[in-house]
Amino acid sequence: MTANIGRSLRRFEDARFLTGRGRYVADISVPDALWGYVVRSPHAHARLVRIDTTAAQALPGVHGIYTSADLLDLGPMPCMAAVKPLIIPPRHALARDRVRHVGDPVAFVVADGAEQAREAAEQMLVDYEPLAAVVDARAALASGAPQVWDEAPGNLAYHVERGDADAVADAMRQAAHVVELDVLNNRVIVAPIEPRAGIARYDSASDTMMLELTGQGLHGIRRQLAEFVFKVPLERIQLSAPDVGGGFGMKNFLYPEWILLLWAARQLGRPVRWEAERAEDFVSGTHGRDIAACAKLALDASGKILALDVAMVADMGAYLSGNGPGASVVAASTAQGGVYDVPAIHVDIRGAFTNAVPVDAYRGAGKPEANYIIERALEAAARALDRSPAELRRQNLIGSFPHKTALGMALDSGGFVENLDAAVKRADVAGFVARREESSRRGKLRGIGLGCFLETSRGAPNEGAELRFESDGTVTIAVGTESNGQGHETAYAQIAADRLGLPIESFRYVQADTRLVKSGAGHGGARSMHMGGTAAVKAIDAVLAKAKKIAAHLLQASTDELEFANGRFSVRGSDRGVDLLAVAESARDPKSLPEGVVPGLGEHVMNMSDAFTFPSGCHVAEVEVDPETGETTLLGYTAVDDYGRLINPMLTEGQVQGGVTQGIGQALLEHTVYEPGSGQLLSGSFMDYTLPRAEHLPGFDITLIERPTMANPLGVKGSGQAGCIAAPQTIMAAILDALRPMGVTRLDMPATPERVWRALIGARTSRSAHES
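Quantities reported herein were computed from a predicted structural model and do not represent experimental measurements. Along each chain, numbering runs from 1 in the same order as the chain's sequence is written. Confidence filtering applies because this is a predicted model: local features only for residues at pLDDT of at least 70, side-chain atom pairs given and counted only at 80 or more, and all residues used for totals across whole chains, interfaces and linings. To get the side-chain values, all heavy atoms of the structure are used, and hydrogens and water are removed first.

We now examine the packing of aromatic side chains. Stacked, tilted and edge-to-face are the three classes applied to pairs of Phe, Tyr and Trp rings, where Trp contributes its six-membered ring and a pair requires centres within 6.5 Å; stacked means planes under 30 degrees apart, edge-to-face means over 60, and tilted covers the rest. One pass over the structure, following the stated rule, counts 11 aromatic pairs. Between Tyr 66 and Trp 263, the ring centres sit 4.8 Å apart and the planes meet at 75°, which makes this aromatic pair edge-to-face. Placement of the pair is Tyr 66 in strand 3 (residues 62-66) and Trp 263 in helix 7 (residues 256-268), with a sequence separation of 197 residues. Relative accessibility under 20% of the residue-type maximum defines a buried residue, over 50% an exposed one, and the middle range a partly exposed one, all with a 1.4 Å probe and only protein chains included. For Tyr 66, a relative accessible area of 9% corresponds to the buried category. Residues Phe 282 and Tyr 689 carry aromatic rings whose centres are separated by 5.9 Å and whose planes lie at 80° to one another, so their mutual orientation is edge-to-face. Helix numbering and strand numbering both begin at the N terminus, where a helix is a DSSP run of H or I of at least 4 residues and a strand a DSSP run of E of at least 2.

The next thing to look at is the side chain of Arg 289. Looking at the element boundaries, Arg 289 is found in the loop between strand 14 (287-288) and strand 15 (291-299). The definition of a polar contact used here is a pair of N or O atoms within 3.5 Å, where within protein one atom must be able to donate a hydrogen and the other to accept one, and adjacent residues in sequence count solely through side-chain atom pairs. A distance of 2.7 Å separates the side chain of Arg 289 from the backbone oxygen of Tyr 362, its partner in a polar contact. At a separation of 2.7 Å, a polar atom in the side chain of Arg 289 contacts the main-chain carbonyl oxygen of Arg 363. Once you skip the residues sitting within four places of it in the chain, Arg 289 turns out to touch Asn 185, Asn 186, Arg 187, Val 188, Val 359, Tyr 362, Arg 363, Ala 365, Pro 368, Glu 369, Gln 666 and Cys 724. Only heavy atoms enter the contact rule, under which two residues are in contact if any of them lie within 4.5 Å.

For the rest of this paragraph, the subject is helix 5 (residues 165-174). Val 168, Ala 171 and Met 172 are the residues of helix 5 that are buried. Considered in projection along helix 5, the buried side chains sweep an arc of 100° and stay on one side of the axis. Facing away from the buried side of helix 5 by more than 90 degrees, the exposed set consists of Asp 166, Arg 173 and Gln 174. Looking at the packing, one finds that the buried side of helix 5 touches strand 8 (177-185), strand 15, strand 16 (305-317) and strand 17 (344-353). For helix 5, the N-terminal cap is Asp 164; the gap from its side-chain oxygen to the backbone nitrogen of Asp 166 is 3.2 Å. Of all possible arcs, the one meant is that of the directions from the helix axis to the C-beta atoms.

We count a salt bridge whenever a side-chain nitrogen from Lys or Arg sits within 4 Å of a carboxyl oxygen from Asp or Glu. All told, the structure shown has 50 salt bridges when counted by the stated rule. For Glu 438, the salt bridge goes to Arg 442, with nearest N and O atoms at 2.8 Å. We classify Glu 438 as partly exposed; its relative accessible area is 30%. Here Glu 466 makes a salt bridge to Lys 518, at a shortest N to O gap of 3.7 Å.

On to empty space enclosed by the protein, then. A 1.4 Å probe that fits into a set of points on a 1 Å grid over the protein atoms alone but cannot get out defines a cavity; an open set with protein on both sides within 12 Å along at least five of seven lines defines a pocket, and lining residues are those with an atom within 4 Å of a point. Grid points are joined across faces, edges and corners, and a volume is the space filled by probe spheres set on the points. A full pass over the atoms with the stated rule returns 9 cavities of 30 Å³ or more. Within this model, the largest cavity holds a volume of roughly 320 Å³. For the largest cavity, the lining is made up of 21 residues, of which Met 529, Thr 652, Gln 655, Ser 719 and Gly 720 are closest to its centre. Elements that contribute at least two residues to the lining of the largest cavity include exactly helix 14 (488-500), helix 15 (528-555) and helix 17 (649-668). Here the lining of the largest cavity takes 3 residues from helix 17, the largest share from any one element. Each residue is assigned to one class: nonpolar for Ala, Val, Leu, Ile, Met, Phe, Trp, Tyr, Cys and Pro, charged for Asp, Glu, Lys and Arg, and polar for all the others, Gly among them. Across the lining of the largest cavity, the residue classes tally to 8 nonpolar, 10 polar and 3 charged. Roughly 70 Å³ of volume is contained in the second largest cavity. Along its surface, the second largest cavity is lined by 14 residues, and Arg 289, Ala 327, Val 359, Asp 360 and Glu 369 are the ones closest to its centre. Contributing elements (two or more residues each) for the lining of the second largest cavity: strand 16 and helix 9 (324-335). Counting residues per element, the lining of the second largest cavity draws most heavily on helix 9, at 3 residues.

Our next topic: the sheet that holds strand 7 (residues 156-163). DSSP-based pairing: two strands are paired if at least 2 bridges between them are found. Judged by pairing direction, the sheet is mixed, and its 5 strands sit side by side in the order 7-17-16-15-8 without closing on themselves. The open sheet has two edge strands, strand 7 and strand 8, and neither has a second partner. Within this sheet the neighbouring strands show an average axis-to-axis angle of 10°, counted without direction. Where strand 8 lies against strand 15, 9 bridges are found, and the strand directions are antiparallel. When the bridges of strand 15 are listed, Leu 184 appears paired with Ala 292. Set on the sheet, helix 5 makes contact with strand 7, strand 8, strand 15, strand 16 and strand 17; between it and strand 16 the angle comes to about 125°. Every axis corresponds to a line fitted to the C-alpha atoms, with the helix fit spanning only the stretch in contact, and the corresponding angles, defined between N-to-C directions, vary from 0 to 180 degrees. With respect to the sheet, helix 9 is in contact with strand 7, strand 15, strand 16 and strand 17, its orientation differing from that of strand 7 by roughly 5°.

The subject of this paragraph is the side chain of Asn 186. Residue position: Asn 186 is located in the loop between strand 8 and strand 9 (188-189). Taking relative accessible area as the criterion, Asn 186 reaches 4% and is therefore assigned buried. Within the structure, the side chain of Asn 186 is placed 3.1 Å from the backbone oxygen of Glu 670, a separation counted as a polar contact. Apart from residues lying up to four places away in sequence, Asn 186 is in contact with Gly 288, Arg 289, Asp 290, Gln 666, Glu 670, Met 749 and Pro 750.

The next subject is the pairing of strand 10 (residues 197-203). As judged from the 4 bridges shared by strand 10 and strand 13 (residues 272-275), these two strands associate in the antiparallel manner. Within strand 13, the position partnered with Ile 199 by the bridge is Arg 273. Judged from the 6 bridges that link them, strand 10 and strand 11 (residues 208-213) form a sheet pairing that is antiparallel. Across the sheet, residue Ile 199 finds its bridge partner in strand 11, namely Glu 212.

Attention now goes to the sheet that holds strand 24 (residues 562-565). As summarised here, the arrangement of the 3 strands in space is 24-25-26, forming an open sheet in which the pairing is antiparallel. Edge positions in the open sheet fall to strand 24 and strand 26 (577-579), since each of these has one partner strand only. The mean angle between the axes of side-by-side strands here comes to 20°, regardless of whether they run parallel or antiparallel. The pairing of strand 25 (residues 568-571) with strand 26 spans 3 bridges and is antiparallel. Bridged to Phe 569 within strand 26 is Val 578. Taken strand by strand, helix 15 contacts strand 24, strand 25 and strand 26, and its axis lies near 45° from that of strand 25.

So, about the state of the cysteines. For this text, the term disulfide refers to a pair of cysteine sulfurs within 2.5 Å. Overall, the coordinates contain 0 disulfides when judged by the stated rule. You can see Cys 724 has no disulfide; the closest cysteine sulfur is in Cys 452, sitting 16 Å from it. The exposure class of Cys 724 is buried, given its relative accessible area of 2%.

In this structure, Pro 389 sits in helix 11 (residues 389-396). Using a relative accessible area of 18% as the deciding quantity, one classes Pro 389 as buried. Setting aside its immediate chain neighbours within four residues, Pro 389 contacts Glu 379, Ala 382 and Arg 383.

Turning to the nonpolar core, a few remarks are in order. Judged by nonpolar contacts, the single largest core of 107 residues is most densely connected at Tyr 158 and Ile 731. Those residues in contact with Ile 731 that sit more than four places away from it in its chain are Ala 621, Leu 634, Tyr 637, Ile 664, Ala 667 and Leu 668. We call a set of buried residues a nonpolar core when its members are Ala, Val, Leu, Ile, Met, Phe, Trp, Tyr or Cys and they connect through side-chain atoms within 4.5 Å of each other. Formed by 60 residues, the second largest nonpolar core is a distinct cluster that contains Leu 225, Val 232, Ala 276 and Val 357.

This part takes up the environment of Ala 711. Relative to the helices and strands, Ala 711 resides in the loop between strand 30 (700-705) and helix 18 (722-739). Residues Ala 711 and Asp 610, 101 residues apart in the sequence, show an inter-C-alpha distance of 9.8 Å. When near neighbours in sequence (up to four residues on either side) are disregarded, Ala 711 contacts Asp 412, His 530, Ala 611, Phe 612 and Thr 613.

This part covers helix 19 (residues 753-771). Given the number of residues in a helix, its expected span is that number minus one, multiplied by 1.5 Å. The end-to-end C-alpha distance of helix 19, which contains 19 residues, comes to 27 Å, matching closely the 27 Å that a straight helix rising 1.5 Å per residue would cover. Residues of helix 19 that are buried: Val 756, Ala 759, Leu 760 and Ala 763. Relative to the axis of helix 19, the buried residues are bounded by an arc of 95° and lie together on one face. Among the exposed residues of helix 19, those oriented more than 90 degrees off its buried face are Arg 758 and Ala 769.

In structure tokens:
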């Protein structure tokens, strides 16, 4: 039987997506559903003086208009981040007394149709008393800044230190070289292809609230709704998600709209639906990144790293989202120092409240920020020491395993040196000088940049999976991880087909439904194959153990005499055997079972594990800059990556391409702009916020090297986030390499044409002033 693991099979789910048979929330027809509309604050910071709904209530088709006064029996939304000490001001589904960012929900209108709900919202009168706003994290922590929350003096949400400050200070004193730089990991608007949407129903007979939503991590959202907000038994709330058009982390969390939908459906006894408009999602869905850092890198006279000292300020926005502080504190700390042997690390992290949209996990969630810091610091060190950036990195790469980092991460495997050497060769770094000269003859500036990355994959610990043999001969795989474009329907079937020796078409994948999937921590942290795949393997093993007992009974043999291969149990040394599907059929008949065996062939198993895996790689980018306009063209992009054993190489490469593209977007294009003072989001639509398009992308040269990990039985390491962890620093290194001959040594993301042009003009002006 041909092995399925390792084959580049096309995604099974693509057939329905490409033929218009995908089923998203907006596709679900609910004839008797009412429509909800969220009234949002136009101010970044203001007191709520008065809300007059009289005229709106009088409009035909309006069933209800709700404000915070109607929801007083509901609890605030929790922040589940494992960060202490942490100030968590109350965040309610509708603002009480004050609004704290543009887009803050103020009221919820429910009407027969979407346009009627909008019209009613426009008839409402809301009086605000504007207050001073602050939309920059560092400014928010400065003395005299507008106070976002009385509960958080000085706008400080948390102040956490990790690592060994004394050891780092000693190393800094002894160092031959100390390189210091400030870097900004710019705020990004997540913008998945499908905006958030939901449909809520209420069953009065069972007193159960049900919500179909564009979500990830449904079991976690359900628990927060039941335990913290509605304060009802868990089984009284059920969540499900149909196909989800991308998430990148932002759909992992509890949002006010989910609460409003459930509350209104229960209140009115009718289904209620809501679909965010794109501009609405820009000011209400969580944003990503937005961390400013000051890094100091200590090196000895030979260039060997001695210590890394990092001070970070993370913008939390107006509220703490479900795991908001986790990215900057927990996740980032696992990747500080990247792929390098850094003997001592100290990190000082402060989280600031601002009058901006809350920030939470976005593809990579802390790991991109940590890698960006060390890579930019090493690039600066190479220039300061007049060393080759590749050679300085090579000198400091972790070269032997297992290895324990300064912050306690235990790396079991890797080939960091090999990755770098292969990337340098494939990108033809040796031939770059000739290519630069050719660009120069055309009046263009050419640069090449290299960047390494270390991903720490796991996300939430523990995961569950269930395997069930159905009466029609199919096998159901129900896993607590949730796909929103990754290809889980295909990858899990590849695993199960190999383990069970059954045709790959036999399997049916079930996810994202709390009624059908017993447990799960959802998607995030590149955890699906590492945590969910391992859970599936354990469920398969448990099923086979039970099936073996039944097969032995049917064959009148002992379990020790049986062997299993190609979907069949056989008595060793004989021609007697029974197929697994026949065993499953017999398992339904209690008369065919040995004593003590429960009817049915299916098992739910928990993979209780907190183990990390460590994907890694080295990327090289080559750019050309037009000095007259500042426009940057990405000419080539090379990646040599290690994701352990590959279940489906084609799907893995697709994940890498997507991640790199998002990293390109952050590095070159995606500029989230708030107006100081007013707090208005100036980049509030795709007219002002640029996502990468095909024209911005080069051909990718991606090499995947398989170095299996021992952290799970599949040997997988996780590939979903790595591309956007590596790309930003790689592209910025290339751009700075192109600009350095013109005197530009500092540039923050995104490197838009205007920013690059201004940097060139600034360097030219500075040079002219110096010469005069």
